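Results of the structural survey
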Amino acid sequence: MLRFVVKKVLLALSTLLAVSVITFGMFFAVPNNPAELMCGDSKNVCSPERIEMIERRMGLDKPIPAQYGDFMRGVFVGRTIGAGETARDCPAPCLGFSFRNDEPVTGIVGRTLPVTLSIVFGAAVVWLVLGVSIGMVSALRRGTAFDKLAVGTSLVGASMPILLFGPLLLIGLVYETGVLSYPRYTPLTENPLAWASAMLLPWFALGFLNSATYARLSRAQMLETLSEDFVRTARAKGLAKITVYGRHALRAAITPIITIAGLDLGAYLGGTVITETVFGFTGLGRTALNAALNLDMPIVMATVLLAAVFVIAANVLVDVLYAVVDPRVRLG
Amino acid sequence: MGTPASSASSATPTVDPYLRVRDLRVRFRTEDGVVRAVDGLSFGVERGRTLGIVGESGSGKSVTSLAVLGLHDPRRTEISGEIRVGGRDIVGLPDAECRKLRGRDMAMVFQDPLSALHPYYSVGRQIAEAYRVHHPEAGRRAAWRRAIEMLGRVGIPQPERRVDDYPHEFSGGMRQRVMIAMALVNDPDLLVADEPTTALDVTVQAQILDLLADLQAEFNSAIVLITHDLGVVSQVADDVLVMYAGRAVEHGSVEQVLRRPQHPYTWGLLSSVPSLHGDADADLVPIRGNPPSLIHLPPGCAFHPRCRYADRTGGRSSTEVPELLPVAEAGHRVACHLPEADRQRYYADEIAQVGVAL
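Only a predicted model underlies this, so the values are computations on that prediction, with no experimental measurement involved.

What counts, and at which threshold
- Residues numbered from 1 in each chain as written.
- Chains lettered and ligands numbered in written order.
- Predicted model: local features only at pLDDT ≥ 70, side-chain atom pairs only at ≥ 80, totals over all residues.
- Helix = DSSP H or I, 4+ residues; strand = E, 2+ residues; numbered from the N terminus.
- Buried ≥ 20, exposed ≤ 12 C-beta atoms within 10 Å, placed from the backbone.
- Rg over C-alpha atoms; globule rule 2.2 N^0.38 Å.
- Contact = placed C-beta atoms within 7 Å.
- Pairing = 2+ DSSP bridges.
- Core = buried A, V, L, I, M, F, W, Y, C linked by C-beta atoms within 7 Å.
- UniProt positions renumbered as here; feature names shortened; annotations may be inferred.
- Axes fitted to C-alpha atoms, helices over the stretch in contact; angles between N-to-C directions.
- Parallel < 35°, antiparallel > 145°, perpendicular 65-115°, else oblique.
- Left-handed = near helix turned anticlockwise from the far one by under 90°.
- Nonpolar A, V, L, I, M, F, W, Y, C, P; charged D, E, K, R; others polar.

1. A closer look at the overall build of chain A
- Along its length, chain A carries 13 helices and 4 strands.
- Viewed in the frame of its principal axes, chain A has a C-alpha envelope of about 85 × 55 × 35 Å.
- Counting only residues that meet the buried cut, chain A has 35% of its 332 residues in that class.

The structure is reproduced here in structure tokens:
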């Protein structure tokens, strides 16, 4: 088991290394000269001499592999970017420095990541609990009114974009009725109650829409599992229905759902652009989008790298969880 | 298993046997129509004896076994008739009541032990669970010891080590032993084994059958052995019930049904088994045609479209459903329109001469 985990982690780390190289390459693939971007918007300020100076100070005149080395060193031990009066201290983990915001990228990420984490983890709880339980009950009550309603609703949910559902919620619950106030993010550490109440709308919006997919998936999984021989064996042993379904069938049906949930979670942690935008949160996704529009490359790089970290970490987690759940995996 | 001398008596029992099935009918409603999977089946099995139920796929063998355990989904299945297990009628019994009998008074061994055991739980856990559900007073440790004891009982080496293993870590034969250990953990009086050796190697097959016989001798349980393998039946059964299209077509002791069969379908089954003693070059005689649809059964005798002797019944075979009636020899019953004398003559002249395997 330990060997299995170590192998998976090493594999993930090497993937991550490859991603970091590619991301770093992105910086240079952009048609704009980074020094030009940093020197300011107005063309008249940027004389060729000034650009050359910036390049020297920023180390942009160094060969690209050396720059990559600087970047990676910064991630682990921190570094000082630039020299002279424009020198900026960037403590570890340094993901670069956004000159547009005059702030280390780490600081920006540190501010916006908790927003995204709050949205995604809360919504994930909603969609897993709601989706899986609806799917399971639906499968056990196949053909009943509940099942038909659930299947119908989940079809609507699965095909509705949050771009539409989010504003509808806002109109229905905030603007027209005032049941909820317009969400304003408060850090969890500051005021847990305010944090939760601000998160209600995004949790429900993202959670409900995703629960549709999970309901359909778990219904299908459960129906398949119910026809398995070992479920019949469990019944033949004289086990109560609740044990047959809740233990024997559920355990087998939920396994593929763990995979999808893990991968979904990884993908969402990289940023939930639309949800954040609709409800006016400044999370990782919106920050990344704005940075991309403004060509603020250090932020783009950092957010892409972070998103990759989440996806890869989720993959490792899913692999390990799978091995815990399914004893047949351990050998592989 | 059991004593051959008394074998004739159980087909027409005087005392009520442990398992008594009377006029069992099982129907499934499907979109294409009503499937009559079992249609008017009656038989009995006493404790300490083994009944082999044989027939082709779709003859209703497995449906019968699931009905005995009360495992059919009541929403999709119509069951009528009587299934008495130790005096209690399973038909119409609420699932909560039936559940108490399952695994305790009657247990089941399935065909494919790999898919019938839960892949995510250790075999010890699965056996212990089966024990604890009917022995709620037993603690975890007692149930675990019981699991180890049962694994040893069914011949699994080093049971205290293997108890933690998962089903996929066992070979096919060992897995079926686990399945048997689980079925017998509560000392059931009735064991239904649905094709217990079909998924196994021939050598392992014999071991499993021996094990079942040994355990039967020890626990004195009644066994219903569902199989399509006449070799298995001849090896372990006391009585044989031949099923075709949901009905019994021949019923009697092993000796009667396999040595002096009177139903053309049974002859067909016997002729399609290769013989070790007969002529190696002789062609096997398959039963022509295919098993009928259980939604649209042929009128009259369901076997008549495939029967070589159907034209010798004066047309009755295509109009009248033959009843399972006693023949001259006590305990032997056959559902066929041919006169008994004719049946004996055809068998002696046309079938036995060619040579049957068993």
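2. Section: the overall build of chain B
- Assigned secondary structure in chain B consists of 12 helices and 12 strands.
- Radius of gyration (C-alpha) of chain B: 21 Å, near the 21 Å computed for a compact globule of 358 residues.
- In terms of overall dimensions, chain B has C-alpha extents of about 70 × 45 × 40 Å along its principal axes.
- Counting across all 358 residues of chain B, residues that qualify as buried make up 48%.
- The long-range fraction of contacts in chain B, counting pairs at least 24 apart against all pairs at least 6 apart in sequence, stands at 67%.

3. Overview of the sheet that holds strand β5 (residues 88–89) of chain B
Residues and elements named next belong to chain B.
- Strand order across the open sheet formed by 4 strands is β2-β1-β4-β5, with antiparallel pairing between neighbours. Where the open sheet ends on each side, the last strands, each with one partner, are β2 (33–45) and β5.
- In this structure, strand β1 (residues 19–30) lies alongside β2, joined through 10 bridges in antiparallel fashion. Considered in β2, the bridge of R29 is made with V34.

4. Section: the nonpolar core
- By size, the foremost hydrophobic cluster in this structure holds 170 residues, and its most contacted members are I127, A147, A181, V224 and V242 of chain B.
- Dropping the residues within four chain positions of it, A181 of chain B is found in contact with I127, M150, L151, R153 and V154 of chain B.

5. What about the interface of chain A and chain B?
- Contacts between the two partners involve 18 residues from chain A, matched on the other side by 23 residues from chain B.
- The set of elements that each furnish at least two residues to the side of chain A that touches chain B consists of α9 (229–236) and α10 (241–269) of chain A.
- With 6 residues, the top contributor of residues to the side of chain A that touches chain B is α9 of chain A.

6. Some words on the UniProt feature "domain: ABC transporter" (unreviewed entry) in chain B
- Sequence positions flagged by UniProt for "domain: ABC transporter" (unreviewed entry) are, in local numbering, residues 19–270 of chain B.
- Taken end to end, residues 19–270 of chain B is 40% helix and 27% strand, and its first and last C-alpha atoms sit 27 Å apart.

7. A short note on the packing of helix α5 (residues 105–140) of chain A against helix α13 (residues 297–325) of chain A
All names here are of chain A.
- Interhelical geometry of α5 versus α13 gives an angle of 55° and a closest axis separation of 10 Å. Accordingly, the angle class assigned to the pair α5 and α13 is oblique. The interaxial crossing formed by α5 with α13 has right-handed handedness. Residues V105, I108 and V109 of α5 touch α13, and the partners they reach there are P298, I299, A302 and L306.
- Per-class residue counts for the contact of α5 with α13 are 7 nonpolar, no polar and no charged.

8. Overview of the pairing of strand β8 (residues 222–227) of chain B
Residues and elements named next belong to chain B.
- Burial runs high along β8: 6 of the 6 residues are buried.
- Along β8, one buried face is formed by A222, V224 and I226 and the opposite face, lined by I223, L225 and T227, is buried too.
- Judged from the 5 bridges that link them, strand β3 (residues 50–54) and β8 form a sheet pairing that is parallel. In the strand pairing of β8, I53 is matched with I226.

9. Regarding unusual backbone geometry
- Following A92 of chain A, the chain continues to P93 of chain A via a peptide bond in cis, the omega torsion being -5°.
- Considering the arrangement of structural elements, one finds P93 of chain A in the loop between β2 (88–90) and β3 (97–98).
- Of note in this structure, Q158 of chain B is not a glycine but carries a positive phi near 50°.
- Here Q158 of chain B shows up in the loop between α5 (140–153) and α6 (159–162).
- Q158 of chain B gets classed as exposed once you count the C-beta atoms within 10 Å, which come to 10.
- For A245 of chain B, which is not glycine, the phi dihedral falls at a positive 50°.
- The topology assignment puts A245 of chain B in the loop between β9 (239–244) and β10 (247–253).
- A245 of chain B sits in the buried class, given 24 other C-beta atoms within 10 Å.

10. Points about the packing of helix α4 (residues 123–134) of chain B against helix α7 (residues 172–184) of chain B
Residues and elements named next belong to chain B.
- Where α4 contacts α7, the axes come no closer than 8 Å and their chain directions differ by 20°. The angle between α4 and α7 falls in the class roughly parallel. Judged by the twist between their axes, the crossing of α4 over α7 is right-handed. Contacts between α4 and α7 involve V123, Q126, I127 and A130 from the former and V178, A181 and M182 from the latter.
- Taken together, the residues of the contact of α4 with α7 break down into 6 nonpolar, 1 polar and no charged.

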